[in-house]
Amino acid sequence: MDVRHSEPVGGAALAFQNATIGYDRHPALHHLSATFPAGSMTAVVGPNGAGKSTLLKAAIGNLRPIGGDVRVSGCRRTEIAYLPQLTEIDRGFPLPVFDFVAMGLWHRRGAFGGFRRDDDEDVARALARVGLVGFEQRPLDTLSGGQLQRVLFARLVLQDAPLILLDEPFTAIDDRTIHELMDVIARWNAEGRTVVAVMHDLDLVRRQFPRTLLIARRAIAEGDTADVLRPENLAAARHHIEAWDEAAPFCEVEPAR
Ligand SMILES: Nc1ncnc2c1ncn2[C@@H]1O[C@H](COP(=O)(O)OP(=O)(O)OP(=O)(O)O)[C@@H](O)[C@H]1O
């Protein structure tokens, strides 16, 4: 979202078509077909090791499918906003919050595009949106986990992306922060953006996400959240992960196009 504009944005769509994705040709996700329509809001759930982060990494192009296809339509891959897990973020550098959040503008300006006068206001509004007024000059390495997650959300606000991918945005975050950041996510979706979030709290998913994809190294169920999160589907996902053989030989897959 452009913080200056309130018009709806055209959402982008994401589709996995019989996609097999893995590391060093070891599949982590098998023959996955799933769609994330433009303007939809979907939770991706599944047991530990189900392949949820792998799915997001394939969507942004960090992992190429071993077979099948991963398609983004309605925007370029470089326009996708991606929030990695907090554990993957290097917070050891003393960059001020303001400068870090302003990096979200690079997508609009380009790395050498320079800073405009009204960019200051946009950064300030993005920080206000996530409840961080007064934190502008705080070094990143002095923030709590919840404050850092708010800063990362502020940067996403400035990125103005039609497709937003979030990997476990609420791990080790207190209830109040979850509530406020969930509000930011709901507003993104109300503005027409497509949101895909890896989630562990199924109660929160039931309350907030209209669509869910349940995976366990493959798709178990996809669609309306209440349908997908039925006990038999959750049991099937658990069973599939427990029965997974890490040492299994590769299956035959169609080469990626
Ligand atoms: N860089 C990597 N190299 C090799 N294997 C990996 C790598 N990253 C993940 N894997 C493997 O891929 C499988 C899926 O991992 P992934 O992180 O996608 O699962 P997840 O559903 O996000 O799990 P969690 O809920 O624990 O975060 C796991 O078996 C994991 O060990």
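Basis of the calculations
Residues numbered from 1 in each chain as written. Predicted model: local features only at pLDDT ≥ 70, side-chain atom pairs only at ≥ 80, totals over all residues. Heavy atoms only, no water. UniProt positions renumbered as here; feature names shortened; annotations may be inferred. Near = heavy atom within 4 Å. Areas by Shrake-Rupley, 256 points an atom, 1.4 Å probe, with all protein chains shown as cover. Helix = DSSP H or I, 4+ residues; strand = E, 2+ residues; numbered from the N terminus. Nonpolar A, V, L, I, M, F, W, Y, C, P; charged D, E, K, R; others polar. Axes fitted to C-alpha atoms, helices over the stretch in contact; angles between N-to-C directions. Parallel < 35°, antiparallel > 145°, perpendicular 65-115°, else oblique. Contact = heavy atoms within 4.5 Å. Pairing = 2+ DSSP bridges. Phe/Tyr/Trp six-rings, centres within 6.5 Å; stacked < 30°, edge-to-face > 60°. Buried < 20%, exposed > 50% of the residue type's maximum accessible area, 1.4 Å probe, protein only.

Named according to an unreviewed UniProt entry, the chain is ABC transporter originating from Pleomorphomonas diazotrophica. Its UniProt record gives the chain a comment under Sequence similarities (unreviewed entry), which states: "Belongs to the ABC transporter superfamily."

Student: Looking at this structure, how should I read the site of the ligand?
Tutor: Lining the immediate surroundings of the ligand are 15 residues, of which Gly49, Gly51, Lys52, Thr54 and Arg217 lie closest. When the ligand sits alone it has 640 Å² of accessible area, and the protein chains cover 61% of it. Counting residues per element, the shell around the ligand draws most heavily on helix H1 (residues 52-59), at three residues. Across the shell around the ligand, the residue classes break down as four nonpolar, seven polar and four charged.

Student: Just to check I follow, could you spell out the packing of helix H5 (residues 145-159) against helix H6 (residues 175-190) for this structure?
Tutor: Interhelical geometry of H5 versus H6 gives an angle of 10° and a closest axis separation of 11 Å. On the basis of the axis angle, H5 is roughly parallel to H6. When H5 is examined against H6, the residues Gly146, Gln149, Arg150, Phe153, Leu156 and Val157 are found in contact with a partner set consisting of Arg176, Thr177, Glu180, Leu181, Val184, Ile185 and Trp188. By residue class, the composition of the contact of H5 with H6 is seven nonpolar, three polar and three charged.

Student: Help me understand the sheet that holds strand E6 (residues 163-167), please; the structure alone is not making it clear to me.
Tutor: Either a parallel or an antiparallel arrangement is found when strands of a sheet pair, and the pairing is made through backbone hydrogen bonds. The mixed open sheet is built from six strands, whose spatial order is E5-E6-E7-E3-E8-E9. The open sheet has two edge strands, strand E5 (81-83) and strand E9 (219-224), and neither has a second partner. Recorded for the sheet is a direction-independent mean angle of 10° between the axes of neighbouring strands. Both strand E3 (residues 41-45) and strand E7 (residues 194-198) contribute to a ladder of four bridges, which runs parallel. Residue pairing across strands places Met41 opposite Val195, the latter belonging to E7. Packing against the sheet, H1 makes contact with E3, E5, E6, E7 and strand E8 (211-215), and its axis sits at approximately 150° to E6. Strand contacts of helix H9 (residues 231-242): E8 and E9, with the helix running at about 155° to E9, the strand carrying the most contacts.

Student: Where do I start with the sheet that holds strand E1 (residues 13-23) in this structure?
Tutor: Strands sit in the order E2-E1-E4 across an open sheet of three strands; the sheet is antiparallel. Of all the strands in the sheet, just strand E2 (26-36) and strand E4 (67-73) have a single pairing partner and so form its edges. Each strand axis lies, on average, 20° off the axis of its neighbour in the sheet, ignoring direction. Relative to E2, E1 runs antiparallel, the two being bridged by seven bridges. Within E2, the residue paired with Gly22 across the bridge is Pro27. Docked against the sheet, H1 engages E1, E2 and E4, running at close to 115° with respect to E1.

Student: What should I look at first to understand the packing of aromatic side chains in this one?
Tutor: Centre-to-centre distance and the angle between the planes together describe a pair of aromatic rings. Tallying each qualifying case throughout the model produces two aromatic pairs. Measuring from ring centre to ring centre gives 5.6 Å for Phe153 and Trp188, while their planes differ by 15°; the resulting arrangement is stacked. With Phe153 in helix H5 and Trp188 in helix H6, this pair connects stretches of sequence that are 35 residues apart. Taken individually, Phe153 and Trp188 each receive the classification buried, so the pair is uniform in this respect.

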